[in-house]
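So the chains spell out like this:
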Amino acid sequence: MGLDSGELLKLDGLSVEYRVRGGWLSAVKNVTLGVGSGEIFAVVGESGCGKSTIAHSIMRLNTDGNERVSGGIYFEGENLGDYSDRQMTAVRGKKIGMIFQNPLDSLNPVYRSGYQVAEAIYLDGKGRDEVWREVIELYRKMKMPDPAKRVRSFPHELSGGMRQRVMIAMMLARNPKLLIADEPTTALDVTIEAQILEIMNQLRADFDASILLITHNFGLVAEIADRVAVMYAGEVAEQGSVFEIFQRPRHPYTELLMKALPRRSKREGRLQTIDGTVPRLTSTEPGCRFYNRCPCAGGRCRNQDPPVRRLSDTHSYACHNR
Amino acid sequence: MSSYIVKRLIQGFFLVFSVSVLVFAMLYIMPGDPIDQVMGWKVSQEKKDEMRRFYGFDRPLHEQYLSWARKAIKGDMGVSVRTKLPVLDLMKARIPITLKFTGLTLLFDILIAVPLGLLCAYWKDSLFDRLVVGVSLFFTAIPQFWTAVLLILLFGVTLKVLPFNGYDTPLHLVLPVAAGVLGSFASTIRMTKSEVLEVIREKYVTTAYAKGLSKSAVLVRHVLRNAIILITVLISLSIPWLISGAVILEHIFGIPGMGGLMVNSIIMQDFAVVQACVLVITVLTVVFNILCDLLIGLLDPRISLSLRGGER
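Residues numbered from 1 in each chain as written. Chains lettered and ligands numbered in written order. Predicted model: local features only at pLDDT ≥ 70, side-chain atom pairs only at ≥ 80, totals over all residues. Heavy atoms only, no water.

Moving on, we get to unusual backbone geometry. Positive phi, close to 50 degrees, is recorded for Asp146(A), a residue that is not glycine. You can see Asp146(A) is positioned in the loop between α4 (128–141) and α5 (147–150). The phi angle at Lys160(B) is positive, at roughly 55 degrees, despite the residue not being glycine. With respect to the helices, strands and loops of the structure, Lys160(B) is situated in the loop between α8 (144–158) and α9 (174–200). (Helix = DSSP H or I, 4+ residues; strand = E, 2+ residues; numbered from the N terminus.)

And the structure:
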């Protein structure tokens, strides 16, 4: 899928299943995608489509013993799936950082925000003075007002935007090469969202980090991402550069999503919606997962996995009929 | 913070006051009175009335209460009808013993049960988890006095390795404390386990892992540190139970604490002593609870914020 050697992160046929009563629920199925160096790669999809599961699987954070992960997760050419838990601990924060949806829940309420950032830097064996200098410097880079004072604030004393800045500071403190942002602005209002996006854009330049952006917000994708994968029910329906996806969507699902976007130019009474709901799938069922909602579904769609068709180095989609 | 302490002290004062009134009233509602108890049926009614006047039992209730309360504040808890000794002297030697006994029970309960609960949560559904929860539930199901008797039979009578009556050496405390801990540690284990399981699911724990902390660092610094807040609350709530359990255990093991004194005084209807015991236990409970509230304030910055009156 293009960019073979330059890829920082490559998911190769990643599947994740969760144990449920009476079987396995397929949350992510056969996902293949690559994130290049310095690139912002967005994964979009509706709730429950498996995009957060991908993020957690890369970091191996979904370990409650009820999941089954198969396929390769290659980071800098090495399969993270082969890493021991101890090796994964060394990867987290140091090579791959991750920020989460709700920045209040994601910060520990009993520690000062600065300490939580410092805790990450201490892992690199630095001395106390150096660590705290770096924390204040990071706060400054995150455009926190009055950094020297804010490091002493508890999370509940900070606004939502400031908390997300603390999270980003914490996760960039050790200069990871990849930042996974799992719905980073969903819980924030639009003005704060714009500021956080600006910070993330700036970071790509300053820290030379790639960003894997998990979101359901196409506006966000258009604004910041280089490439995008559209997910549906655990599978990648279509992926390509932002231009390709927005201008020439090929997969019926992407097409319908585009039509469902509110646009200023069209003055239609109601937004178009997609009928039906996302199916609950077990891992063994073959066929296209969009079958039951697809306007151009045919006989093969029901029981044959759709083939992946390539339009360019970057653009591909999975559909029988297009 | 200081206005909060003042508020809690005022609340505590009213609690102690209401309990003292209740205790006072309750003893007079009960049938029989101490003079009948001490004098026996052969003594004439005139003599009994004279004694009642001497001890003030003939005066109106609120007068009796006020004079008792006034003296109690000065430390004079009255005179035991049965032993003719000042109540204060009876209590003075016993309070520290009870405090030491319950304190040690609480300490060992926490030292044993909190780590076990943490490990049970960490290795949830493992053999270790099932074993610990099973064994602890077994001991909870047995009444505490029965555990105490079994311990006496095993270690005191059959094996003859530990003393089981009296309070002469630290060894004398081993069996009573063990009985107390066995009776209460199951609930502490379960409480710690469920609280830790709750905290483990919190998003900030995922964050802690994501920034690269090791499992043990996450478990101690982020999970236990937060779980300990609610554990402190629940332990502080269990203190009255601990003290009431101590009353029985002291009696069984012949420890000269407040428990033994109280049980005997209730049987003898020795009002002054019972009042003093209940009052001291109430005061201890109130003091413990205030201390726990302050401790929780120190542990949880969100609470200490409201303690400071909401200022930043």
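Right, picking up where we left off after that structure.
Here the focus is the domain arrangement of chain A. Residues and elements named next belong to chain A. According to the domain assignment, chain A consists of domain 1 (7–95 + 176–318) and domain 2 (102–175). The gap between the C-alpha centroids of domain 1 and domain 2 is 29 Å. Contact residues are listed per partner, giving 17 residues for domain 1 and 16 residues for domain 2. Across the domain 1/domain 2 interface, buried area totals approximately 1500 Å², and carbon plus sulfur atoms make up 68% of it. Counting the contacts that link domain 1 with domain 2 gives one salt bridge. (Domains from an automatic or database assignment. Contact = heavy atoms within 4.5 Å. Buried area = accessible area lost by both parts, 1.4 Å probe. Salt bridge = Lys/Arg side-chain N within 4 Å of Asp/Glu carboxyl O.)

This part takes up the environment of Glu137(A). Counting through the fold element by element, Glu137(A) comes out in helix α4. As a C-alpha pair, Glu137(A) and Pro147(A) span ten residues in sequence and 7.9 Å in three-dimensional space.

Okay, the packing of helix α6 (residues 94–122) of chain B against helix α12 (residues 258–267) of chain B next. All names here are of chain B. In contact at an axis separation of 8 Å, α6 and α12 are set at 120 degrees when each is read in the N-to-C sense. In terms of orientation, α6 and α12 fall into the oblique class. Taken together, the residues of α12 that come into contact with α6 (itself represented by Arg94, Ile95 and Thr98) are Met258, Gly259, Gly260 and Leu261. Looking at the contact of α6 with α12 residue by residue, the classes come out as three nonpolar, three polar and one charged. (Axes fitted to C-alpha atoms, helices over the stretch in contact; angles between N-to-C directions. Parallel < 35°, antiparallel > 145°, perpendicular 65-115°, else oblique. Nonpolar A, V, L, I, M, F, W, Y, C, P; charged D, E, K, R; others polar.)

Attention now goes to the pairing of strand β3 (residues 40–44) of chain A. Residues and elements named next belong to chain A. For β3, a buried count of five out of five residues is recorded, marking the element as mostly surrounded by other parts of the structure. Of the two faces of β3, both are covered, the one formed by Ile40, Ala42 and Val44 as well as the one formed by Phe41 and Val43. In the sheet, β3 pairs with strand β8 (residues 210–215) via five bridges, with the strands oriented parallel. Bridge assignment links valine 44 to a residue of β8, and that residue is threonine 215. Sheet analysis places β3 next to strand β9 (residues 227–232), joined by four bridges and oriented parallel. Each residue of the ladder has a partner; that of valine 43, found in β9, is alanine 229. (Buried < 20%, exposed > 50% of the residue type's maximum accessible area, 1.4 Å probe, protein only. Pairing = 2+ DSSP bridges.)

What follows deals with the interface of chain A and chain B. You'll often see interface size given as the accessible area lost when the parts meet. Listed by partner, the interface residues are 29 residues for chain A and 22 residues for chain B. Roughly 2100 Å² is buried in total at the junction of chain A and chain B, and carbon and sulfur atoms are behind 60% of that figure. Summed over the three residues of chain A that lose the most area to chain B, namely Val110(A), Glu119(A) and His156(A), the buried surface amounts to 24% of that side. Along the contact surface separating chain A from chain B lie three salt bridges. Close ionic contact of Lys203(B) with Asp105(A) constitutes a salt bridge, the shortest N to O distance being 3.8 Å. At the boundary of chain A and chain B, one finds eleven residue pairs in polar contact (both at pLDDT 80 or more). Broken down by secondary-structure element, the contributors of at least two residues to the side of chain A that touches chain B are α1 (51–59), α2 (85–91), β6 (96–99), α3 (113–122) and α6 (160–172) of chain A. By residue number, the principal contributor to the side of chain A that touches chain B is α3(A), which donates four residues. Split by residue class, the side of chain A that touches chain B holds 16 nonpolar, seven polar and six charged. (Polar contact = N/O pair within 3.5 Å; in protein donor to acceptor, adjacent residues only side chain to side chain.)

Residue and element names in this part refer to chain B. Along the polypeptide, glycine 260 turns up in helix α12. In this structure glycine 260 comes out as buried when scored by relative accessible area, which is 9%. As a C-alpha pair, glycine 260 and arginine 94 span 166 residues in sequence and 9.4 Å in three-dimensional space. Ignoring sequence-local partners within four residues, the contact set of glycine 260 consists of Arg94, Val247, Glu250 and His251.

A word on the nonpolar core. Grouped together as the largest cluster of nonpolar side chains are 133 residues, with contacts concentrated most on Ile58(A), Val117(A), Ile180(A) and Leu212(A). Apart from the residues within four sequence positions on either side, Ile58(A) is in contact with Leu9(A), Leu11(A), Ile73(A), Leu80(A), Met88(A), Ile96(A), Ile180(A) and Leu212(A). Grouped together as the second largest cluster of nonpolar side chains are 22 residues, Val132(B), Val177(B), Ala179(B) and Ala246(B) included. (Core = buried A, V, L, I, M, F, W, Y, C linked by side-chain atoms within 4.5 Å.)

Here the focus is helix α7 (residues 190–207) of chain A. Between its first and last C-alpha atoms α7(A) spans 25 Å; for 18 residues at 1.5 Å apiece the expected length is 26 Å, and the two agree. Asp208(A) sits one or two positions beyond α7(A) and adopts a positive phi of about 55 degrees. (Expected span 1.5 Å × (residues − 1).)

All names here are of chain A. With mixed pairing, the eight strands of this open sheet are ordered in space as β6-β7-β8-β3-β9-β10-β12-β11. Since the sheet does not close on itself, it has two edges, and those belong to β6 and β11 (308–310), each with one partner. Strand after strand, the sheet turns through a mean of 20 degrees between neighbouring axes, direction not considered. Pairing geometry for β9 and strand β10 (residues 235–241), over six bridges, is antiparallel. Across the sheet, tyrosine 232 pairs through a bridge with glutamate 235, a residue of β10.

Along an α-helix, residues three or four positions apart point the same way, because every turn accommodates 3.6 residues. Largest kink in α9(B): about 40 degrees, centred on Ser184(B). In terms of residue burial, α9(B) counts as a mostly covered element, since 19 of its 27 residues are buried. (Bend = angle between axes of the 7 residues up to and from the residue.)

To continue, consider the domain arrangement of chain B. Looking at the assigned domains, one finds that chain B contains domain 1 (15–91) and domain 2 (94–255). Taking only C-alpha atoms into account, the centre of domain 1 of chain B sits 39 Å from that of domain 2 of chain B.

In this section: the sheet that holds strand β2 (residues 23–36) of chain A. Note: strands within a sheet are paired through backbone hydrogen bonds, in either parallel or antiparallel orientation. Residues and elements named next belong to chain A. Pairing is antiparallel across the open sheet formed by four strands, whose spatial order is β2-β1-β4-β5. Strands with a single pairing partner mark the edges of an open sheet, and in this sheet they are β2 and β5 (78–79). Sheet topology places strand β4 (residues 67–75) next to β5; two bridges connect them, and they run antiparallel. Of the residues in β5, the one forming a bridge with phenylalanine 75 is glutamate 78. Running over the sheet, α1 touches β1 (7–20), β2 and β4 and is turned about 110 degrees from β1.

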